[in-house]
Amino acid sequence: MNRSGAFLFACAGMIVLAMLLPNGAAAAWPGGSLANVPLCTATGDQSGAVSIPDGAGGAIVAWWDLRNGESNADIYAQRISAAGVAQWATDGVPVCTAASSQVYPKLVADGAGGAIVTWQDYRSGTVDIYAQRISADGAVQWPSSGVAVCTVAGGEYDVVGVSDGAGGAIIAWWDFRNGGGDAFVQRISAAGAVQWTAGGVLLAANGRAPAIVTDGAGGAIVAWQDYRSGFYSDVYAQRISAGGLAQWATNGVAISAADANQGPPSVVADGAGGAVVAWADSRTSAYWDIYAQKVSSSGVVQWTVDGVALCTASGQQYYPVMAADGAGGGIVAWEDARNGSSLDIYAQRISTNGVVQWTTDGVEICTFEGAQASAAIAADGAGGAAIAWVDGRAGTADDIYIQKISAGGAIQWPVNGGAVCTAANYQGVPDIVANGTGDVIVTWIDLRNGNVDIYAHGFDSQGSSLYPMPRITSIRDIPNDQGGKVRVTWIGSSRDGLPALEISLYGIWRQASVAAARAALAAGAPLSREDRQAILAQPGVFRITSEGDKTLYWEGVGTVAARVPDLDLPTSG
């Protein structure tokens, strides 16, 4: 084995599962909760990371960034592939670096592998809404400073968006133009042109904290926290067409107008032009509970008036987040204080008919010691969901943990969750996206380096790191054999221990000089062009890879039987 480098392929049958490039350079998600993928470690702090699927198994992530000064926040973005490799410039590409600050980005998929980014913008001295489109290869598509979505006087807040199905986006927010907080909506085309009334279409007076989903027909359904009745808040919703026309009752349909407070809402599409809405609710006591309601495409509520109770356990339950279950219902996760002063994470599924599916008051996602909060959720494509959260079990600084729950309400990964990140200092504000086949990517803010940075980690449906590669740990000379051999040791792929994905072989390759490889190929040596051939690593066979602008040549050495790995998999702590 040439000491200049070596790499391994892991084989499950004839499928490549993992790879290591020369000198230990990572080509995929690392295994373990200390070795995550940095998306941005630029100077200054980065915060408010949000993510969406990129349509190819990876994710696009956006955040606001202080690398250009503490009083000059900008918007940056990065794309990470399904294999855990950043696709755009190191530390991200600038989405907007206009004067003053831009903060709180949100993302909408553009249907072409890129995204439309919206944010709150302070360039005018007040808070406005701007947007920018970024392509799949990280190039901004509209004017460099972004396109103004709404710049009316008074300030605009809590912007959210959803795809319009034609490369553009429908965007909702609330603002003070009329003296109180009112909910508005606007559509922007794939070319960056606003489509509806300048300043947006009014959804309802006294509407705040909007949430939005597609209606499947080029329009959207927006739900919001509504103060029309006075001091207490309710939840209302409106469907708006692709042409910007309200489809339901003027000022929206009451999702819940029960006593006391309801909201803010979380919402998912039901797949039939309607939506399922969930919210925290204080109708029964001083404590908050979790409720949900379904509204049809025509604006008719489908379940019990004012909603179905998902959890009315003792203590507080709040901040619900929801994922569609793929069958017209939803899975809701929330923060829960039923067990005392420390928060836990619980979840419940509600069917398309408004019937709760799991244990009364929800299934325990994590009730470990310390506080668990800030849940994020993504559908797993099989009727269940993956849930990530901030976890205080370490007692010194918060970490990120994850759990998966099946369509039937069964916990799939270690009890109380597996560690996503347990690096030094604080990790928080997780976001999670799924590719529809059970794989998920989690992003979060991270203080391991002293500043606030952005990190990510991917997991497959089994709870292992996505595409977990074997890792060479040492290449040492065999003494007294006159340089004839070296001893290679490695840590196997984390999938070695999974019966359904048992890895039987590792192929070992050695790096060859350019001259020697080209001479051998010119003399007729076989060239491996497919991964399944690369696994076998037959002696005398060559393979070509690239590392940046370098072309690397490898010669097969042979194969060895796989062994049970020693990787830091997610555990229950």
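Residues numbered from 1 in each chain as written. Predicted model: local features only at pLDDT ≥ 70, side-chain atom pairs only at ≥ 80, totals over all residues. Heavy atoms only, no water.

Draft legend 1. Structural context of the overall build of the chain. Helix and strand counts for the chain stand at 2 helices and 40 strands. Considering only contacts in the chain between residues 6 or more positions apart, those separated by 24 or more positions represent 48%. Of the roughly 21,800 Å² of accessible surface on the chain, 50% is carried by carbon and sulfur atoms. (Helix = DSSP H or I, 4+ residues; strand = E, 2+ residues; numbered from the N terminus. Contact = heavy atoms within 4.5 Å. Areas by Shrake-Rupley, 256 points an atom, 1.4 Å probe, with all protein chains shown as cover.)

Draft legend 2. Main features of the sheet that holds strand β32 (residues 427-434). Read across the open sheet, the 4 strands follow the order β3-β34-β33-β32; overall the sheet is antiparallel. Of all the strands in the sheet, the pair left with one neighbour each is β3 (37-40) and β32. With direction set aside, neighbouring strand axes in the sheet form an average angle of 30 degrees. Here β3 pairs with strand β34 (residues 453-459) via 3 bridges, running antiparallel. When the sheet's bridge partners are listed, P38 is paired in β34 with Y455. (Pairing = 2+ DSSP bridges. Axes fitted to C-alpha atoms, helices over the stretch in contact; angles between N-to-C directions.)

Draft legend 3. View of the packing of aromatic side chains. Applying the stated criterion to the full structure yields 8 aromatic pairs. Arranged with centres 6.0 Å apart and planes meeting at 75 degrees, the rings of Y157 and F176 form a pair that is edge-to-face. On the criterion of sequence distance, the pair formed by Y157 in strand β12 (residues 156-163) and F176 in the loop between β13 (169-175) and β14 (182-188) is long-range, its members being 19 residues apart. Take Y157: its relative accessible area is 25%, and that puts it in the partly exposed class. Taking 5.1 Å as the distance between ring centres and 70 degrees as the angle between the ring planes, the aromatic pair formed by W174 and F176 counts as edge-to-face. Take W174: its relative accessible area is 11%, and that puts it in the buried class. In textbook terms, an aromatic cluster arises when at least three aromatic residues are bridged by ring pairs, as seen for Y157, W174 and F176. Cation over ring: R228 sits above Y236, and NZ or CZ is 3.6 Å from the ring centre. (Phe/Tyr/Trp six-rings, centres within 6.5 Å; stacked < 30°, edge-to-face > 60°. Buried < 20%, exposed > 50% of the residue type's maximum accessible area, 1.4 Å probe, protein only. Lys NZ or Arg CZ within 6 Å of the ring centre and 35° of its normal.)

Draft legend 4. Structural context of the environment of D391. With respect to the helices and strands, the residue D391 is situated in strand β29 (residues 385-391). Overall, D391 belongs to the buried group, its relative accessible area being 0%. A distance of 2.8 Å separates the side chain of D391 from the side chain of W389, its partner in a polar contact. In this structure the side chain of D391 is engaged in a polar contact, spanning 2.8 Å, whose partner is the backbone nitrogen of R393. (Polar contact = N/O pair within 3.5 Å; in protein donor to acceptor, adjacent residues only side chain to side chain.)

Draft legend 5. Spotlight on the sheet that holds strand β5 (residues 59-65). One open sheet accounts for 4 strands, arranged β4-β5-β6-β7; its pairing is antiparallel. The sheet terminates laterally at β4 (46-53) and β7 (93-96), the two strands that pair on one side only. When strand polarity is set aside, the average angle formed by the axes of neighbouring strands in this sheet is 30 degrees.

Draft legend 6. Looking closely at the pairing of β29. When you tally the buried positions in β29, you get 7 out of 7 residues, the bulk of the element. Going residue by residue along β29, you find A385, I387, W389 and D391 tucked away on one face and A386, A388 and V390 tucked away on the opposite face as well. Pairing analysis gives 6 bridges linking strand β28 (residues 372-379) to β29, with the strands arranged antiparallel. If you follow A378 over to β29, its bridge partner there is A386. In this sheet, strand β30 (residues 399-405) lies alongside β29 in antiparallel orientation, the contact comprising 7 bridges. Across the sheet, the residue bridging to A385 is I405, located in β30.

Draft legend 7. Structural view of the side chain of N36. Relative to the helices and strands, N36 resides in the loop between β2 (15-19) and β3. For N36, the side chain forms a polar contact with the main-chain oxygen of V420, separated by 3.0 Å. Here H457 takes part through its side chain, which lies 3.1 Å from a polar atom of the side chain of N36. Not counting the four nearest positions on each side in its chain, N36 is found in contact with P30, V420, C421, W444, R448, Y455, A456 and H457.

Draft legend 8. Fine view of the nonpolar core. V95, L107, V117, W119 and I134 are the most contacted members of the largest nonpolar core, which has 21 residues in total. Of all elements in the fold, only β4, β5, β6 (74-80), β7, β8 (102-109), β9 (115-121) and β10 (128-134) reach the threshold of two or more residues within this core. One finds A376, A388, I402 and A434 within the second-largest nonpolar core, a separate group that totals 18 residues. (Core = buried A, V, L, I, M, F, W, Y, C linked by side-chain atoms within 4.5 Å.)

Draft legend 9. Quick peek at the pattern of salt bridges. Tallying each qualifying case throughout the model produces 16 salt bridges. As a salt-bridge pair, R239 and D215 come within 2.9 Å of each other at their nearest N and O atoms. Linking R239 in strand β18 (residues 234-240) with D215 in the loop between β16 (207-214) and β17 (220-226), this pair joins segments that are 24 residues apart in sequence. The class of D215 is buried, set by a relative accessible area of 6%. (Salt bridge = Lys/Arg side-chain N within 4 Å of Asp/Glu carboxyl O.)

Draft legend 10. Layout of the confidence of the model for the chain. Averaged over the chain, the pLDDT score is 88; the fraction of residues at 70 or greater is 87%. Low pLDDT, under 50, characterises residues 564-573; the stretch is placed with 35 contacts to residues that sit more than four places away or in other chains. (pLDDT = per-residue confidence, 0-100.)

Draft legend 11. Representation of unusual backbone geometry within the structure. The residue after G263, namely P264, is reached through a cis peptide bond having omega -5 degrees. Here P264 lies in strand β20 (residues 262-269). Although it is not a glycine, N425 sits at a positive phi angle of roughly 65 degrees. Positionally, N425 belongs in the loop between β31 (418-421) and β32. In this model, V429 sits at a positive phi of 50 degrees, which is unusual for a non-glycine residue. By the secondary structure assignment, V429 is in strand β32.

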